[in-house]
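Each chain is listed here by its residues.
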Amino acid sequence: MPSSILFTGGRSPATLALIRRFAEAGHRCDVAESLQPNLAGASRACSKNFTVPAPRQHTPAYIRALQAIIIEREIDLLIPTCEETFYIAQHREILEGTGKGCEVFTADMACLHELHSKYRFNQLLQRLKLPAPATERICNRDQLKTHLPEWGEYVLKAEFSRFASAVYINAPIHKVYTNIQPTPRNPWVLQEYLAGPQFCSYSVARNGELTAHSVYPTVYTAGPGATIYFESVDIPEIEHIVRAIVKYFGYTGQISFDFILYKGLYYRIECNPRTTTGTFLFEKEDHLPQAFLDPSQAVSPSTHRTVRPLARRPVVLSVAMIAYAIPHAPLQTPRILKDLWRARDPLMKWQDPGPFLQQFGMLFRTLQRAKKAGTDLLSASTLDIEWNGENCALDTKQPH
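Residues numbered from 1 in each chain as written. Predicted model: local features only at pLDDT ≥ 70, side-chain atom pairs only at ≥ 80, totals over all residues. Heavy atoms only, no water.

Engineer: I'd like to hear about the packing of aromatic side chains, residue by residue, with values.
Structural biologist: One pass over the full model with this rule turns up 16 aromatic pairs. Relative to F292, the ring of F22 has its centre 5.3 Å away and its plane inclined at 70°; by these criteria the two rings are edge-to-face. Of the two residues, F22 is situated in helix α1 (residues 13–24) and F292 in helix α10 (residues 289–293); the sequence distance between them amounts to 270 residues. Using a relative accessible area of 0% as the deciding quantity, one classes F22 as buried. A residue is classified by how much of its surface remains accessible, and F292, at 0% relative accessible area, is buried. (Phe/Tyr/Trp six-rings, centres within 6.5 Å; stacked < 30°, edge-to-face > 60°. Helix = DSSP H or I, 4+ residues; strand = E, 2+ residues; numbered from the N terminus. Buried < 20%, exposed > 50% of the residue type's maximum accessible area, 1.4 Å probe, protein only.)

Printed below as a string of structure tokens:
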């Protein structure tokens, strides 16, 4: 049955990929975003693009705005995609009690907190007896000065961060002491450095069952963290790990992991309990919406079928590839251009040109925000939606 779907996080290319898949399946799709213009809202797949208050700075007004949209548009399913997920999860019961009854496709806040925290996630891996790098939480400068010299090769990162935007890898100790000010409210995580190929996974789960799954290697990135080139690979060991974690929590929602292959084992480095650009790998024929809407078909009791992307051309964010990959490795320009040529750009569809054109308007708006806030472009892109551990119940959700 066609449903009425509301997506948040329309700024993300990952959301654009989702909204196109849902619209192709016959569902009516709306977008609620505090950043205008945005990619998903510019798509022909979007029935209506709503401007809402900033989730981080104006949370009560943001939730009220979502309630009004749910009632006006008779929303059946709310799918949060970016870090506004955390604000929505805190008020999930309120939103699900709005209107005729709207499902909010996310786990509860205690579960999201444990997964999003780089320290608590590492502790979870140890409880599940899964490979995990040695990790220590740093809450003040005395701890930092005492323990950092003992580690040798290390990774130091903010407990709550994104895009690898607050990370020091084997940096000179004096530089770390100058720039880092850990506190109990803003702790950092000191972690064992592991060298090896990196992979990302993107999955969908319902009630602890994996309903969709994809894996892609990290080849090209925007800055130190965000992947901009995608090619599907099949790694059963990674799928086994993801299944174990979503089963432990009885997880419902979207979930993504970063892995490093080290000495024959796949180490989970961190978790993003939300949408990531692994959505690019799914096409219309893969029936990704079934993983959200019809788990009885996505996971058959007899075959336990999980929706996976079929093998096709690689996917690339071409503007980001030119802006980041070539300047970062100019001597590899011929190889970069070759990879660019053989891949497709998910933003550019001749039948739906709005998002490709609107990315420049969104970029201009984000640059304005970066200048006003005195920060870089990547940080500015999440200033109004990011969540860093505030106002959250800290009790760990028990396994089902």
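Engineer: Any chance you could break down the nonpolar core for me, citing the residues and the numbers?
Structural biologist: Here is a general trend for soluble globular proteins: nonpolar side chains tend to be buried in one another's company. Judged by nonpolar contacts, the single largest core of 48 residues is most densely connected at I19, F292 and M321. At five residues, the largest contribution of residues to this core is made by α1. Those residues in contact with M321, other than ones at most four positions away along the chain, are Y220, I228, Y229, V316, I326, I336, D339 and L340. If you look at the next biggest cluster of nonpolar residues, it comprises 32 residues, including Y87, L112, V242 and C271. (Core = buried A, V, L, I, M, F, W, Y, C linked by side-chain atoms within 4.5 Å. Contact = heavy atoms within 4.5 Å.)

Engineer: Would you mind going over the sheet that holds strand β9 (residues 188–192) in detail, with residue names and values included?
Structural biologist: Judged by pairing direction, the sheet is antiparallel, and its four strands sit side by side in the order β6-β9-β7-β8 without closing on themselves. If you trace the sheet from one side to the other, it starts and ends with β6 (135–138) and β8 (167–169), each paired once. Each strand axis lies, on average, 15° off the axis of its neighbour in the sheet, ignoring direction. The strands touched by helix α6 (residues 118–127) are β6, β7 (154–158) and β9; relative to β6, the strand with the most contacts, the crossing angle is about 150°. (Pairing = 2+ DSSP bridges. Axes fitted to C-alpha atoms, helices over the stretch in contact; angles between N-to-C directions.)

Engineer: Can you tell me about the pairing of strand β1 (residues 4–8), naming the residues and giving the values?
Structural biologist: Of all the five residues making up β1, five are buried; the element is thus mostly covered by neighbouring parts of the structure. In the sheet, β1 pairs with strand β2 (residues 28–33) via five bridges, with the strands oriented parallel. Looking across to β2, one finds that F7 is bridged to V31. Handedness of the β-α-β unit built from β1, α1 and β2 comes out right-handed. As judged from the three bridges shared by β1 and strand β4 (residues 77–79), these two strands associate in the parallel manner. Within β4, the position partnered with I5 by the bridge is L77. (Right-handed = clockwise from strand over helix to strand, strands pointing away.)

Engineer: Just give me the short version of the side chain of N272, but keep the residues and values in it.
Structural biologist: With respect to the helices and strands, N272 occurs in strand β16 (residues 265–272). The residues contacting N272, other than those within four sequence positions of it, are I255, S256 and D258.

Engineer: Give me the packing of helix α5 (residues 109–116) against α6: which residues, what numbers.
Structural biologist: Contact pair α5 / α6: the axes reach a minimum separation of 5 Å and the direction vectors enclose 90°. Put simply, α5 runs roughly perpendicular to α6. Every residue of α6 that contacts α5 at H113, E114, L115 and H116 is listed here: K118, R120, F121, L124 and R127. Of the residues in the contact of α5 with α6, the class split is three nonpolar, two polar and four charged. (Parallel < 35°, antiparallel > 145°, perpendicular 65-115°, else oblique. Nonpolar A, V, L, I, M, F, W, Y, C, P; charged D, E, K, R; others polar.)

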